[in-house]
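# Summary of structural features
Okay, here's what each chain looks like letter by letter:
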Amino acid sequence: MYKAFGTIALRNASTPVRFASARRPFLQTAIRQYSAATPTGTVTVHKRSKWKMFKRTVQFGLLGGIGYSAYVLWDARNPPFQAPFDPEKKTIVILGSGWASTSLLKSIDTDLYNVVVVSPRNYFLFTPLLPSCTVGTIDVRSIVEPTRFITRHKSREVKVYEADCTEVDPFNKTVTISDNSEIKGQVNSSKVPYDYLVIGVGATNQTFGIKGVQEHALFLKEVWDAQKIRTRLMDCIETAGFPNQSPEEIDRLLHMVVVGGGPTGVEYAAELHDFLVEDLTTWYPELAGKLKITLIEALPNVLPAFSKQLIDYTEANFKEQNISIHTKTMVKEVHDREITVQQADGSLAQMPYGLLVWATGNTSRPVVRNLMSKFPQTQTVGRGLLVDDWLKMQGSNDIYVLGDAAASKYAPTAQVASQQGKYLARLFSKLALQDELETEVYALSDIDEKARKLRRLEKVRRNIKPFHYSHQGSLAYIGSDKAIADLPWGSGNVASGGVATYVFWRSVYLSNLFSIRNRALVATDWIKKNVLGRDISRE
């Protein structure tokens, strides 16, 4: 009895011949004779060894992936030796630790420059996932990357100062910084000199001068904003459950109002809805049906940067989730328990609330406005510092502005800021090469060598291209495990929405986190939420 080891197929243009076994000698002889007689035929042998090879490839791939991940984790915890500051090199001072500044910091070659970072916070915050932190879907520590985790892995020492920049002196090329910590030392203020200054301080919340916003509304821009919102949210719910509370007061306390129909406002409303459906319904059954979410937008529709198809899809999805959308509605005044709004028909109305989240836009920071006043001829736009096509501040030769601090033709998004940071790192590398060639040219006396260096210098100068933004698409979470995506495709866009887009949304955000540590923490938080639910404790 022969045991089959594989299958053999002989094929030519007209006659297929199949044999069940390849181990019998007379069959093997027949195969050789058939192959010799039919030159156009083919012999295909499928053996178990191919399956074994596939399994070994998968095993080696898994082992390689685990080994690489282990190395990355080890490298992250064991930074290398760093060269000290070099007084012969130029110094770049970077203000801020947001998207633009951190992207620049990760990409810049510290072999070419001394680098100093000044920021009121000593970490980078992954802001697209901040709405998830307000309801406990993700822990705030999971989307924070300490700045020194980045700077400590650079080839040259990078100085990091947790401080506020209070003034820029463009004439003496210094910045004044002040200690913003609760614990003060003997020195609370200092001046830091620079050769190049990069302003990436972002922007602050735009209130449009509306009375009461600063005092009563909560913003969604920083870690402490998310923590305040979470505390206020749970306070409203617990207070609504207090004995003998009137029905009117319960309705007010459980009315959550979001002002601003951009991605931040929409995503927060969506996260709040998920918290209500997935957690409050279980743990606060007597209150869950009374909680109401309202989204207010002054424009005719929410998400103005998205296509009409996705706007309609989002509004329909919110209607299913019982999230009220008030478009063409403007807030006129904010009080501690109610807001005054001007409705689409022009009439005024009072809207009671328990929680008010303000997500309407940005305005320039005081240090930016102070710098504008020193260049009255060139800085004529109030929303930020005007820059040229190379991100250099107009009126200056050594100040560059990135992200929301700049008044450019690009939208103030994290995607734009990140690309600007990477571009500026490449630009500084080319500027270093240009400076090196200029020094060599001035030192040469040989005419031919000098001419050759000048030609190379001119080529480097021509190669310094202006910044070009490449739009990679827009994403937003809209609740109930659904997301929308507006992605460029050819000469147009591809609009997508639903559960599959939600999976894509998660994968994109995971891949854009700055470290494997953050990716692991966020992925773990998502799994933990699905398995154990959100934490509903107040603190």
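An account of the accompanying structure is given in this report. Since this is a predicted model, take the numbers as computed values, not measurements.

So, about the overall build of the protein chain. Of the regular secondary structure elements, the protein chain holds 16 helices and 27 strands. Against the globule reference of 24 Å for 539 residues, the protein chain gives a C-alpha radius of gyration of 31 Å, more extended than a compact globule. Considered along the principal axes of its C-alpha atoms, the protein chain spans approximately 95 × 90 × 45 Å. Taking all 539 residues of the protein chain together, 44% fall into the buried category. In the protein chain, once contacts between residues fewer than 6 apart in sequence are set aside, the share between residues at least 24 apart is 63%. Element-wise, carbon and sulfur atoms account for 55% of the exposed surface of the protein chain, whose accessible area totals about 28600 Å². Of the charged side chains in the protein chain, 65 are positive and 54 negative, and the gap between their average positions amounts to 13 Å.

With that out of the way, let us pick up the pattern of salt bridges. By the definition in use, this model includes 14 salt bridges. With a closest N to O distance of 3.7 Å, Glu-145 and Arg-517 form a salt bridge. Of this pair, Glu-145 sits in strand E7 (residues 144-146) while Arg-517 is found in helix H16 (residues 516-532), placing the two residues 372 residues apart along the sequence. For Glu-145, a relative accessible area of 5% gives the class buried. Between Glu-157 and Lys-159 there is a salt bridge whose closest N-O contact spans 3.4 Å.

Attention now goes to the sheet that holds strand E16 (residues 323-326). Taken in spatial order, the five strands line up as E13-E20-E14-E15-E16 in an open sheet, and their pairing is parallel. The sheet is open, and its two edges are formed by strand E13 (218-219) and E16, each paired on a single side. Where strand E14 (residues 255-259) lies against strand E15 (residues 292-296), five bridges are found, and the strand directions are parallel. Its bridge partner being in E15, Val-258 is matched across the sheet by Leu-295. Contacts from helix H9 (residues 263-283) reach E14, E15, E16 and strand E20 (355-358), with the element oriented near 175° to E15.

With that settled, consider the pairing of strand E8 (residues 158-169). It is a general feature of regular strands that their side chains alternate between the two faces of the sheet. Looking at chain direction, strand E5 (residues 114-119) and E8 are connected through five bridges and run parallel. Residue pairing across strands places Val-115 opposite Val-158, the latter belonging to E8. Sheet analysis places E8 next to strand E9 (residues 174-179), joined by six bridges and oriented antiparallel. Each residue of the ladder has a partner; that of Asp-169, found in E9, is Thr-174. The turn linking E8 back onto E9 is made up of four residues, and Lys-173 within it adopts a positive phi angle of 55°.

For Asn-244, which is not glycine, the phi dihedral falls at a positive 65°. Summarising the element assignment, Asn-244 is placed in the loop between helix H7 (223-240) and helix H8 (247-253). Positive phi, normally seen in glycine, also occurs at Leu-303, with a value near 50°. Examined against the element boundaries, Leu-303 turns out to sit in the loop between E15 and helix H11 (308-320).

For helix H14 (residues 447-462), with 16 residues, the first-to-last C-alpha span of 22 Å sits near the 22 Å given by 1.5 Å per residue. Buried within H14 are the following residues: Lys-453, Leu-457 and Val-460. Around the axis of H14, the buried residues are gathered within 55° of arc, so they sit on the same side. Facing away from the buried surface of H14 by more than 90 degrees, the exposed residues are Ile-447, Asp-448, Arg-455, Lys-459 and Arg-462. Elements in contact with the buried residues of H14: helix H13 (414-443).

Quick look at the environment of Asn-180 now. Note that Asn-180 resides in the loop between E9 and strand E10 (189-193). Residue Asn-180 is classed as partly exposed on the basis of its relative accessible area of 28%. In the structure, Asn-180 is positioned 60 residues away from Pro-120 in sequence and 6.8 Å away in space, judged by C-alpha atoms. Excluding residues that lie within four positions of it along the chain, Asn-180 makes contacts with Pro-120, Glu-162, Ala-163 and Asp-164. At a separation of 3.0 Å, a polar atom in the side chain of Asn-180 contacts the main-chain carbonyl oxygen of Pro-120.

For the rest of this paragraph, the subject is the sheet that holds strand E17 (residues 330-334). Hydrogen bonds between backbone atoms are what pair the strands of a sheet, whose relative direction is either parallel or antiparallel. Sheet architecture is open: three strands sit in the order E17-E18-E19, paired in antiparallel fashion. Two strands close off the open sheet at either side, each with one partner strand: E17 and strand E19 (348-352). Across the sheet, the mean angle separating the axes of adjacent strands is 30° when strand polarity is ignored. Both strand E18 (residues 338-342) and E19 contribute to a ladder of five bridges, which runs antiparallel. Bridging across to E19, Glu-338 finds its partner in Pro-352.

Our focus in this paragraph is the nonpolar core. Leu-104, Leu-129, Ile-143, Ile-237, Phe-428 and Trp-505 are the most contacted members of the largest nonpolar core, which totals 95 residues. Among the elements that make up this core, the one with the highest residue count is H13 (nine residues). Filtering out sequence-adjacent residues up to four positions away, Trp-505 remains in contact with Leu-129, Glu-267, Leu-475, Ala-476, Tyr-477, Ala-483 and Trp-526. In terms of nonpolar packing, the next biggest core, distinct from the first, is built from 26 residues, Val-168, Val-175, Val-387 and Ile-399 among them.

Turning to the environment of Asp-345, a few remarks are in order. As for its position among the elements, Asp-345 is in the loop between E18 and E19. Once the C-alpha coordinates of Asp-345 and Lys-328 are considered, the two residues, 17 residues apart in sequence, prove to be 8.7 Å apart.

In this structure the tally under the stated criterion is 20 aromatic pairs. Pairing Tyr-113 with Tyr-196 gives two aromatic rings, centres 6.2 Å apart and planes at 75°, and the pair type is edge-to-face. With Tyr-113 in the loop between helix H3 (99-107) and E5 and Tyr-196 in strand E11 (residues 196-199), this pair connects stretches of sequence that are 83 residues apart. Judged by centre distance (6.4 Å) and plane angle (40°), the rings of Trp-505 and Trp-526 are tilted.

Reading the values: the criteria
- Residues numbered from 1 in each chain as written.
- Predicted model: local features only at pLDDT ≥ 70, side-chain atom pairs only at ≥ 80, totals over all residues.
- Heavy atoms only, no water.
- Helix = DSSP H or I, 4+ residues; strand = E, 2+ residues; numbered from the N terminus.
- Rg over C-alpha atoms; globule rule 2.2 N^0.38 Å.
- Buried < 20%, exposed > 50% of the residue type's maximum accessible area, 1.4 Å probe, protein only.
- Contact = heavy atoms within 4.5 Å.
- Areas by Shrake-Rupley, 256 points an atom, 1.4 Å probe, with all protein chains shown as cover.
- Lys, Arg positive; Asp, Glu negative; His and termini not counted.
- Charge placed at Lys NZ, Arg CZ, Asp CG, Glu CD.
- Salt bridge = Lys/Arg side-chain N within 4 Å of Asp/Glu carboxyl O.
- Pairing = 2+ DSSP bridges.
- Axes fitted to C-alpha atoms, helices over the stretch in contact; angles between N-to-C directions.
- Expected span 1.5 Å × (residues − 1).
- Arc of directions from axis to C-beta.
- Polar contact = N/O pair within 3.5 Å; in protein donor to acceptor, adjacent residues only side chain to side chain.
- Core = buried A, V, L, I, M, F, W, Y, C linked by side-chain atoms within 4.5 Å.
- Phe/Tyr/Trp six-rings, centres within 6.5 Å; stacked < 30°, edge-to-face > 60°.

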